[in-house]
Amino acid sequence: RVPPGAGSAAEARNVCRLLSRRAHGFYARDAGVAHRASMGLLRRIMCQESTKFENVWTTHSASPIAYERGRIYFDNYQCCISSIAQEPRILYQKPKSPKSEKIEDALLLECPLGETLPSLSDYKSSLVVLTAQNWLLRLSADSGEILEKVYLAGSCCKFRYLSWDTPQEVMIIKSAQNKLPAAARQAGIQQSVLFYLAVFQVLPLSFVGMLEINKKIFGNSVTDVAVSNGVLIVMYSMGLVRLYNFQAISEKFMEEPFDLGYEFNWNGQVGIVGKYPFGLPCNIKITDTPPLLFEVSSLENAFQIGGYPWHYIITPNKKKHKGVFHICSLKDKALAKNGIQDMKCCSLEPDWIYFHPDMSGRIIHVGPNLIKVLKIKEDENNITQMEIAEDFMIVANRENSVDSSVTVTASGRVVKKRFNLLDDDPEQETFKIVDYEDELDLLSIVAVTQIGADGRAHLDFHCNERGILLKSIPLLESWDVTYSHEVYFDRDIVLHIEQKPNRRFSCYVYQMVCNTAKEEECSSHEKTERVSCKKGGKFFEYY
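How each quantity is defined
Residues numbered from 1 in each chain as written. Predicted model: local features only at pLDDT ≥ 70, side-chain atom pairs only at ≥ 80, totals over all residues. Heavy atoms only, no water. Salt bridge = Lys/Arg side-chain N within 4 Å of Asp/Glu carboxyl O. Buried < 20%, exposed > 50% of the residue type's maximum accessible area, 1.4 Å probe, protein only. 1 Å grid on protein atoms, 1.4 Å probe; cavity = no way out; pocket = protein on both sides within 12 Å on 5 of 7 lines; lining within 4 Å. Points joined across faces, edges and corners; volume = space filled by probe spheres on them. Helix = DSSP H or I, 4+ residues; strand = E, 2+ residues; numbered from the N terminus. Nonpolar A, V, L, I, M, F, W, Y, C, P; charged D, E, K, R; others polar. Phe/Tyr/Trp six-rings, centres within 6.5 Å; stacked < 30°, edge-to-face > 60°. Lys NZ or Arg CZ within 6 Å of the ring centre and 35° of its normal. Pairing = 2+ DSSP bridges. Axes fitted to C-alpha atoms, helices over the stretch in contact; angles between N-to-C directions.

**Regarding the pattern of salt bridges**
In step 1: One pass over the structure, following the stated rule, counts 18 salt bridges.
In step 2: Among the ionic pairs, Arg362 bridges to Asp358, the shortest N-O distance being 2.9 Å.
In step 3: For Arg362, a relative accessible area of 10% corresponds to the buried category.
In step 4: Measuring nitrogen to oxygen at the nearest pair gives 2.9 Å for the salt bridge that ties Arg362 to Asp391.

**Notes on the layout of surface pockets**
In step 1: Of the volumes computed, that of the largest pocket is approximately 2000 Å³.
In step 2: As for the largest pocket, its lining consists of 42 residues, of which Pro167, Ser228, Asn229, Pro357 and Met359 are closest to the centre.
In step 3: Considering each element in turn, the lining of the largest pocket owes the most residues, four residues, to strand E20 (residues 303-306).
In step 4: For the lining of the largest pocket, the per-class residue count stands at 25 nonpolar, ten polar and seven charged.

**A short note on unusual backbone geometry**
In step 1: With an omega of 0 degrees, the peptide bond between Leu203 and Pro204 qualifies as cis.
In step 2: As for its position among the elements, Pro204 is in the loop between strand E12 (193-201) and strand E13 (206-214).
In step 3: In the Ramachandran plot, Tyr77 falls in the positive-phi region, its phi being about 70 degrees despite a non-glycine side chain.
In step 4: By the secondary structure assignment, Tyr77 is in the loop between strand E3 (71-74) and strand E4 (79-82).
In step 5: Tyr77 gets classed as buried once you look at its relative accessible area, which sits at 18%.
In step 6: With phi around 50 degrees, Leu203 is a residue other than glycine that occupies positive phi space.
In step 7: By relative accessible area, which is 6% here, Leu203 ends up buried.

**Notes on empty space enclosed by the protein**
In step 1: A full pass over the atoms with the stated rule returns two cavities of 30 Å³ or more.
In step 2: As a volume, the largest cavity reaches approximately 60 Å³.
In step 3: If you go around the largest cavity, you meet ten residues; those closest to its centre are Glu349, Trp352, Pro368, Thr430 and Phe431.
In step 4: Top element by residues in the lining of the largest cavity is strand E30 (residues 430-437). It accounts for three residues.
In step 5: Looking at the lining of the largest cavity residue by residue, the class counts come to four nonpolar, two polar and four charged.
In step 6: There is about 30 Å³ of room inside the second largest cavity.
In step 7: As for the second largest cavity, its lining consists of Ile433, Asp435, Ser444, Val446, Leu459, Val487, Tyr488 and Phe489.
In step 8: Elements represented by at least two residues in the lining of the second largest cavity include exactly E30, strand E31 (442-451) and strand E34 (484-490).

**A closer look at the packing of aromatic side chains**
Two measures describe an aromatic ring pair: the distance that separates the ring centres and the angle between the ring planes.
In step 1: A complete count under the given rule lists 13 aromatic pairs for this structure.
In step 2: Judged by centre distance (5.2 Å) and plane angle (40 degrees), the rings of Tyr73 and Tyr77 are tilted.
In step 3: Ring geometry for Trp135 versus Tyr151: centroids 5.0 Å apart, planes at 55 degrees, classification tilted. Residue Trp135 is located in strand E8 (residues 135-140), and its partner Tyr151 is located in strand E9 (residues 146-151); the two are separated by 16 residues in the primary sequence.
In step 4: Taken together, Phe53, Phe461 and Phe489 form an aromatic cluster joined through their ring pairs.
In step 5: The cationic tip of Lys174 hangs over the ring face of Tyr161; the distance from NZ or CZ to the ring centre is 5.2 Å.
In step 6: Taking NZ or CZ as reference, Lys333 lies 5.0 Å from the ring centre of Phe294, over its face.

**Brief notes about the sheet that holds strand E11 (residues 170-175)**
In step 1: Spatially, E10-E11-E12-E13 is the arrangement adopted by the four strands of the open sheet, whose pairing is antiparallel. Looking at the sheet topology across the chains shown, the edges are occupied by strand E10 (159-166) and E13. When the angles between neighbouring strand axes are averaged without regard to direction, this sheet yields 20 degrees.
In step 2: Direction of pairing for E11 relative to E12: antiparallel, over a ladder of five bridges. Among the inter-strand pairings, Ile172 is bridged to a residue of E12, identified as Val199.

These figures come from the coordinates and say nothing about function on their own.
Have a look at this one:
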């Protein structure tokens with residue numbers, strides 16, 4: 001508490017006052033001040049009426065397309081194109097690699113602020129990729145050059161998945177589930193190891209340990225595992241989810257620590273850690289069941305933790321409850337007041353719910369025509385109970401839709417419909433994608449309406465604090481609701497990736513353009529001419 005009349009020294013010790021002064025830019029040497037000011041200015045420019053988003057180029061590919069921070073990857077990450085340039089600019093193009101070197105998964109690494117790193121290359125963005133032959137490679141994000149390579153394991157397991165335990169700090173590499181061939185099972189051979197997990201710290205890349213998920217320890221019905229925020233999550237076929245302290249497991253069952261590049265003697269074999277053919281030792285051996293932190297049952301193992309104080313979201317483990325979400329306290333499993341969220345949707349695609357990624361502790365619940373942003377707060381009548389309250393709602397524009405079960409013809413005949421329209425009927429505006437742009441603090445929402453044979457989509461930007469619509473951008477390409485779609489909004493770029501049947505992929509790039517009144521008047525008299533070209537085996541169209 002600051003005493004009355006206290007000077008700036010006392011003010012600096014008050015956390016609330018310190019945060020308030022920092023938000024207003026009092027500390028000019030703070031590295032985040034200039035960035036926050038720039039992002040605030042960009043947001044204001046982007047939301048101006050004169051600011052447009054134009055489709056500057058389009059590309060098509062026969063292989064999946066991925067996007068990471070201004071870079072578009074083709075041909076299984078062998079080709080990288082900058083999305084920032086007004087024309088497609090190839091950052092690097094590698095020779096076509098054999099199927100044995102196929103990349104299974106990838107993560108983008110970005111330099112942590114305020115830390116001294118051992119190599120100059122560590123200060124630039126890099127891409128960590130996992131190959132089909134169990135190689136972990138760190139590539140330069142701008143040139144594709146191999147900066148580091150680690151061999152994980154031999155044929156005993158196949159690593160397939162990369163994920164973050166702690167974003168940009170601790171990485172988890174998970175194997176595919178071990179399954180014996182049918183002939184081996186018929187011969188009575190038992191397979192006790194279900195998954196392998198390898199743990200790395202990043203920048204600099206260092207090996208923490210590798211462990212087995214064994215059904216002798218965790219049970220026969222394990223279907224999947226994950227590690228997130230220091231918690232080992234084990235999922236079971238009957239919908240059960242169990243949580244364990246992963247750090248405690250690592251410390252208790254670690255047999256011996258190993259560093260990459262060092263010679264080791266393991267089970268009678270001599271090799272170098274992370275080098276072919278030995279790979280990594282399985283140095284975390286779980287010999288008995290670790291202490292259970294938490295256990296809950298949920299339909300399809302759907303389970304999320306978030307909010308403040310900590311809460312979790314599940315669906316009761318019965319099929320009839322699909323689409324019903326329970327929000328409960330993690331402390332005592334007590335259901336929050338108004339904690340049952342059910343939109344009662346009649347739609348082909350279910351509604352979905354998740355904790356808001358802005359770390360505000362709020363919850364986003366998305367239905368076909370309604371988005372609810374919910375908050376967790378104390379119950380006014382009972383401070384020991386938490387209540388789920390509505391922060392704001394976003395409703396689809398369906399003013400012109402008529403959904404009456406009874407209509408009257410011109411002759412006066414009453415006609416009754418035998419069926420009702422679905423909530424996600426293609427002819428009505430329907431929400432398809434909801435995302436959050438953290439740097440601009442905006443919610444981006446894709447809404448789609450079927451007009452004749454074509455579907456038309458628009459991307460709306462809403463204020464993250466109040467839900468007010470700030471800007472709407474029409475997407476010019478047709479939107480087929482039966483295809484798979486991804487839309488990325490990254491500062492001044494909108495990118496739409498579409499997967500069509502027979503593994504045909506398209507990518508549409510929109511960029512922010514600020515037009516003055518004169519420029520708009522001139523551009524209305526100019527004809528736009530489409531130019532097509534072919535680069536590196538891929539076709540591009542730009543304007």
